[in-house]
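# Summary of structural features
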Amino acid sequence: EFAGDGLNLEFHVGVEDIYQALAETDLLLGSYGLLTYEAMTIGLPCVMVPIKHFMADYGRSLTELGVARLASNSIDGRISDIARTIQSIECVTTRKGLRDRCDAIFDGKGLGRVAEIIGSRLNT
């Protein structure tokens, strides 16, 4: 856990209920993948740290859409890049802007939307 400058960062491993954990947080720090998309679909701002080359390209696209921030343009990013990116969205108003942009693009149901679609197709 890290606390400072208005931020309280906690690292979680082995989380049983991902949706609940995401719903109770203010920011996701992660790479690129399903967890990042799940976070964005419920309006959770994300800072992406690419760990494979293609992730930086996707991260740039998501940053341009205004739904995430990319900490580094390459997999060679430094801790200072991550810190600078987190600091850039430290302001509650800035995080709210990311949240609002996510909400404008996604419906907020996260993977629940996928379950609804599958359920409706199974019932027809």
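Residues numbered from 1 in each chain as written. Predicted model: local features only at pLDDT ≥ 70, side-chain atom pairs only at ≥ 80, totals over all residues. Heavy atoms only, no water.

### Describing the overall build of the protein
The test is simple: Helix numbering and strand numbering both begin at the N terminus, where a helix is a DSSP run of H or I of at least 4 residues and a strand a DSSP run of E of at least 2. Within these notes, the globule rule equals 2.2 Å times the number of residues to the 0.38 power, and the radius of gyration is based on C-alpha atoms. Residue burial is assigned from relative accessible area. The probe radius is 1.4 Å, only protein chains are included, and a residue is buried under 20% of its type maximum, exposed over 50%, and partly exposed in between. The criterion used for residue contact is that any of the two residues' heavy atoms lie within 4.5 Å. Here the accessible surface of atoms and residues is derived via Shrake-Rupley with a 1.4 Å probe, and residues count as covered only by protein chains that are part of the display.
Helix and strand content of the protein: 6 helices and 5 strands. Mapped from its N terminus to its C terminus, the protein presents α and β elements in the order β-β-α-β-α-β-α-β-α-α-α. By the compact-globule yardstick of 14 Å for 124 residues, the protein fits well, its C-alpha radius of gyration being 15 Å. For the C-alpha atoms alone, the extent of the protein along its principal axes is close to 50 × 30 × 30 Å. The 124 residues of the protein split such that 28% are buried. Taking contacts inside the protein between residues at least 6 apart in sequence as the whole, the part at least 24 apart equals 40%. As presented, the protein carries roughly 8,000 Å² of accessible surface, and 55% of it is formed by carbon and sulfur atoms.

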